[in-house]
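As a plain string of letters, each chain reads:
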Amino acid sequence: VQLQASGGGLVQAGGSLRLSCAGSGRTFSTYMTGWFRQAPGKEREFVAAITWSGISTLYADSVKGRFTISRDNAKKTVYLQMNSLKPEDTAVYYCAATGRATVDEYQYDYWGQGTLVTVSS
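What you see is a predicted model, and the numbers here were worked out from it, not measured in a lab.

Participant: Could you give an account of the overall build of the protein, with specific residues and numbers?
Facilitator: A count of helical and extended segments in the protein gives zero helices and eleven strands. Going from N to C terminus, the protein has its helices and strands arranged as β-β-β-β-β-β-β-β-β-β-β. Over its C-alpha trace the protein gives a radius of gyration of 13 Å, about what one expects of a compact globule, namely 14 Å for 121 residues. Taking the principal axes of its C-alpha atoms as reference, the protein extends roughly 40 × 25 × 25 Å. Buried residues in the protein amount to 44% of all 121 residues. A separation of at least 24 residues holds for 56% of the contacts in the protein among residues at least 6 apart in sequence. About 6,200 Å² of surface is accessible on the protein, with carbon and sulfur atoms providing 48% of the total. If you average the places of the 12 positive and of the 9 negative side-chain charges in the protein, the two averages end up 8 Å apart.

Participant: Please provide a residue-by-residue account of the nonpolar core, values included.
Facilitator: With 33 residues, the main nonpolar core has Trp35, Val47, Phe67, Leu80, Met82 and Tyr93 as its most contacted residues. Secondary structure elements with two or more residues in this core: β1 (2-6), β3 (17-24), β4 (32-38), β5 (45-50), β7 (67-72), β8 (77-82), β9 (91-98) and β11 (115-120). Excluding its chain neighbours within four sequence positions, the residues that come into contact with Phe67 are Arg37, Val47, Tyr59, Leu80, Gln81, Met82, Asn83, Leu85, Asp89 and Tyr93.

Participant: Can you tell me about the side chain of Thr77, naming the residues and giving the values?
Facilitator: Inspection of the secondary structure assignment puts Thr77 in strand β8. Of note is the side chain of Thr77, whose polar atom sits 2.9 Å from the backbone oxygen of Lys75. Setting aside residues no more than four positions away along its own chain, Thr77 makes contact with Ser20, Cys21, Ala22, Phe28, Ser70, Arg71 and Asp72.

Participant: Give a detailed account of the state of the cysteines, specifying residues and quantitative values.
Facilitator: The tally for this structure, following the rule as stated, stands at one disulfide. The residue that forms a disulfide with Cys21 is Cys95, at a sulfur-sulfur distance of 2.2 Å. What sets the handedness of the Cys21 and Cys95 disulfide is the S-S torsion sign, and at about 70° it is right-handed. Of this pair, Cys21 sits in strand β3 while Cys95 sits in strand β9, placing them 74 residues apart in sequence.

Participant: Lay out the side chain of Thr115 with the relevant residues and their values.
Facilitator: Topologically, Thr115 is positioned in strand β11. According to the relative accessible area criterion, Thr115 is buried, its value standing at 11%. There is a polar contact of 3.0 Å between the side chain of Thr115 and the backbone nitrogen of Gly8. If we ignore the near neighbours within four places in the chain, the residues touching Thr115 are Ala5, Ser6, Gly7, Gly8, Leu19, Ala91, Val92 and Tyr93.

Participant: Could you give an account of the pairing of β4, with specific residues and numbers?
Facilitator: Judged by how many residues are buried, β4 sits mostly within the fold: six of seven residues are covered. In this structure, β4 lies alongside β9, joined through seven bridges in antiparallel fashion. Within the sheet, the bridge partner assigned to Phe36 lies in β9 and is Tyr94. Taking the residues between adjacent antiparallel strands as the criterion, β4 and β5 are bridged by six residues, where Gly41 takes a positive phi near 75°.

Cut-offs applied
- Residues numbered from 1 in each chain as written.
- Predicted model: local features only at pLDDT ≥ 70, side-chain atom pairs only at ≥ 80, totals over all residues.
- Heavy atoms only, no water.
- Helix = DSSP H or I, 4+ residues; strand = E, 2+ residues; numbered from the N terminus.
- Rg over C-alpha atoms; globule rule 2.2 N^0.38 Å.
- Buried < 20%, exposed > 50% of the residue type's maximum accessible area, 1.4 Å probe, protein only.
- Contact = heavy atoms within 4.5 Å.
- Areas by Shrake-Rupley, 256 points an atom, 1.4 Å probe, with all protein chains shown as cover.
- Lys, Arg positive; Asp, Glu negative; His and termini not counted.
- Charge placed at Lys NZ, Arg CZ, Asp CG, Glu CD.
- Core = buried A, V, L, I, M, F, W, Y, C linked by side-chain atoms within 4.5 Å.
- Polar contact = N/O pair within 3.5 Å; in protein donor to acceptor, adjacent residues only side chain to side chain.
- Disulfide = S-S within 2.5 Å.
- Pairing = 2+ DSSP bridges.

Quick look at the structure:
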């Protein structure tokens, strides 16, 4: 499985962005997919995850009510819609996939290259 993240950019506080994670490989749709982020000088943290079916989603408390994760298995793509962005959302965002039901980044087997999101105040 290979992952390609895109959609990052510069946005003002209160604005919106949609990140995309395009997967390759016929088994991509069977994997749980998550988004993680790493801010400058900080450790990488969990943001959101979605099961292979798209039925269940999980969010970090810091993004609940503002971010929405979704997937289109026909397009082998997972999305992260980010609304009401804050300067503290500034980070490199990574998508990742795992065959397990987990939000533990160390159990994610496949990672995309990351896309930078910068939120100005």
